[in-house]
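Chains, contacts and geometry: an overview
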Amino acid sequence: MLKHVALNGDDLAMDSAFMKKLLKGECSEHFPELTGKRGVLFSNTTLAKFIEEEFRHDNFELTRSFGRSIRTLSSGEQKKALLEFLMAKQPDFIILDNPFDALDVASVKQLKVRLESVANEMTVIQVFKRKSDLLPFIKHAMRVDKGKVVFADGIEQYLVKFEPEKEIHFSVEIPGPVHELNLSNNELIKLCDVSVRYGERQILNNINWSFNPGEFWQLKGPNGSGKTTILTMISGDNPKAFGQNIELFGRRKGTGESVWEIKKKIGYFTPSMMELFKRRHTAEQMVISGFHDSIGLYHRPSEIQKHVANEWLKVLGLADKGNRAFVDLSQVHRRMVLIARAMIKHPPLLILDEPSTGLDDKSAALLSALINKIAAESQTAILYVSHRTEPDLKPAFVFELKPGETGSEGEVVG
């Protein structure tokens, strides 16, 4: 009978020495049955290499059967294409690196069915961060910290030993705005009968949605339902917004405002932003940079700015890490710092685009607690976008996009 293993570890990277040895079948101490065997890696890292190869060299090896570019496929279609490509190589085993990240509910269900059939043919090693993502046929677990195996036993024993804390509290109140906010009681964002088409495909169909200052909304919907289209029309990056009946911060879209005028009123965070910050700026400097909307800090900060930034670090529980390089912080702490950066001016709107993607349960709960705190203690409206329903998150309202033959329609649910 094949032995399938769940593998976990804090910031366990696919390019670590341990993972490289495992893929080559060189971890005989812990995986003797895979000694000398050949494995493949099912990962967003692998997918990114195919996307770059296609972009740079017009190599459509992964999606030849689709007759389309990888970039035109949904997340679910991309992962399906990658899995079939890897299976065609007839490997001895497969490593799944957080396979359900960025997938909607339907795509997760389809992928799980396919992976169950794969498990009948070869050993499956699932690198996971979320308990809910664990594949049901996996009965063994292993934890790797700093390149060493620190736990190897049954999956049930693992879940008991590493169960995250149930409640997380931030005890320090968030600092107020440096300048008084001038928010009216009018609708902050308003979309009236918004319909969007790309080529022959209708994406949105008569979307009617509005929200007010200080409200906490979650935007939900499956892959391809139009969430990104709505976000980019609000943030000012999508030309499809022109000619639509859209009001942003009390002003009709297309009546003379610039993209930068809109962006100044929006705080924004998505995990991909972390790739922009490569220099050795400190955590304090990163928070201060939010005053200037810059990638890093290139201005001499005022004493008030430094004070407010350090007050935010106290809120985050990172007061002792203000002088530490941002790039050296843990993944969840970097995300918290960037959210503080987005909030330091108390913008009228904070957009959080898939902020918990790639986090483990404990880190996701910590991030959810911070977002709940911002919603409770500020006048900033929050628009939270995610495929995943975080059990600890407490949005007051949910707007769901429901795809149909004539495009997605929207509905306030819950």
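Above this text sits the structure in question.
Parameters at a glance
- Residues numbered from 1 in each chain as written.
- Predicted model: local features only at pLDDT ≥ 70, side-chain atom pairs only at ≥ 80, totals over all residues.
- Heavy atoms only, no water.
- Pairing = 2+ DSSP bridges.
- Helix = DSSP H or I, 4+ residues; strand = E, 2+ residues; numbered from the N terminus.
- Axes fitted to C-alpha atoms, helices over the stretch in contact; angles between N-to-C directions.
- Parallel < 35°, antiparallel > 145°, perpendicular 65-115°, else oblique.
- Contact = heavy atoms within 4.5 Å.
- Nonpolar A, V, L, I, M, F, W, Y, C, P; charged D, E, K, R; others polar.
- Left-handed = near helix turned anticlockwise from the far one by under 90°.

So, about the sheet that holds strand 5 (residues 140–145). Paired through their backbone hydrogen bonds, the strands of a sheet run either parallel or antiparallel. With mixed pairing, the six strands of this open sheet are ordered in space as 2-3-4-1-5-6. Each of the sheet's edge strands pairs with one partner strand only, and the pair in question is strand 2 (39–42) and strand 6 (148–154). Across the sheet, the axes of successive neighbouring strands diverge by a mean angle of 20°, strand direction being ignored. Judged from the five bridges that link them, strand 3 (residues 93–97) and strand 4 (residues 123–127) form a sheet pairing that is parallel. Residue pairing across strands places Ile 94 opposite Val 124, the latter belonging to strand 4.

Another aspect to go through is the packing of helix 3 (residues 75–87) against helix 4 (residues 105–119). Close contact between helix 3 and helix 4 brings their axes to 10 Å; oriented N to C, the two are set at 10°. Here helix 4 runs roughly parallel to helix 3, going by the angle between their axes. On the side of helix 3, the interface is formed by Gly 76, Leu 83, Glu 84 and Met 87, while helix 4 contributes Ser 107, Leu 111, Arg 114, Leu 115 and Val 118. Of the residues assigned to the contact of helix 3 with helix 4, the class counts are five nonpolar, two polar and two charged.

All right, on to the sheet that holds strand 9 (residues 216–220) then. Read from one edge to the other, the open sheet built from six strands follows the order 12-13-14-9-15-16, with strand pairing classed as mixed. Each edge of the open sheet carries a strand with a single partner, namely strand 12 (266–269) and strand 16 (409–413). For this sheet the average axis-to-axis angle between neighbouring strands, irrespective of direction, equals 20°. Here strand 12 pairs with strand 13 (residues 349–353) via four bridges, running parallel. Within strand 13, the residue paired with Gly 267 across the bridge is Leu 350. Lying over the sheet, helix 10 (residues 331–343) contacts strand 12 and strand 13, oriented at roughly 170° with respect to strand 12. Along the sheet, helix 11 (residues 361–377) makes contact with strand 9, strand 13 and strand 14 (381–385), crossing strand 14 at roughly 155°.

What follows covers the packing of helix 10 against helix 11. Taken N-terminus to C-terminus, the directions of helix 10 and helix 11 make an angle of 15°; their axes are 10 Å apart at the nearest point. Between helix 10 and helix 11, the angle falls in the class roughly parallel. In this structure, the crossing between helix 10 and helix 11 has a hand that is right-handed. In this structure, helix 10 uses Val 332, Arg 335, Met 336, Ile 339 and Met 343 to contact helix 11, whose residues at the interface are Ser 363, Leu 366, Leu 367, Leu 370 and Ile 374. Residue composition of the contact of helix 10 with helix 11, by class: eight nonpolar, one polar and one charged.

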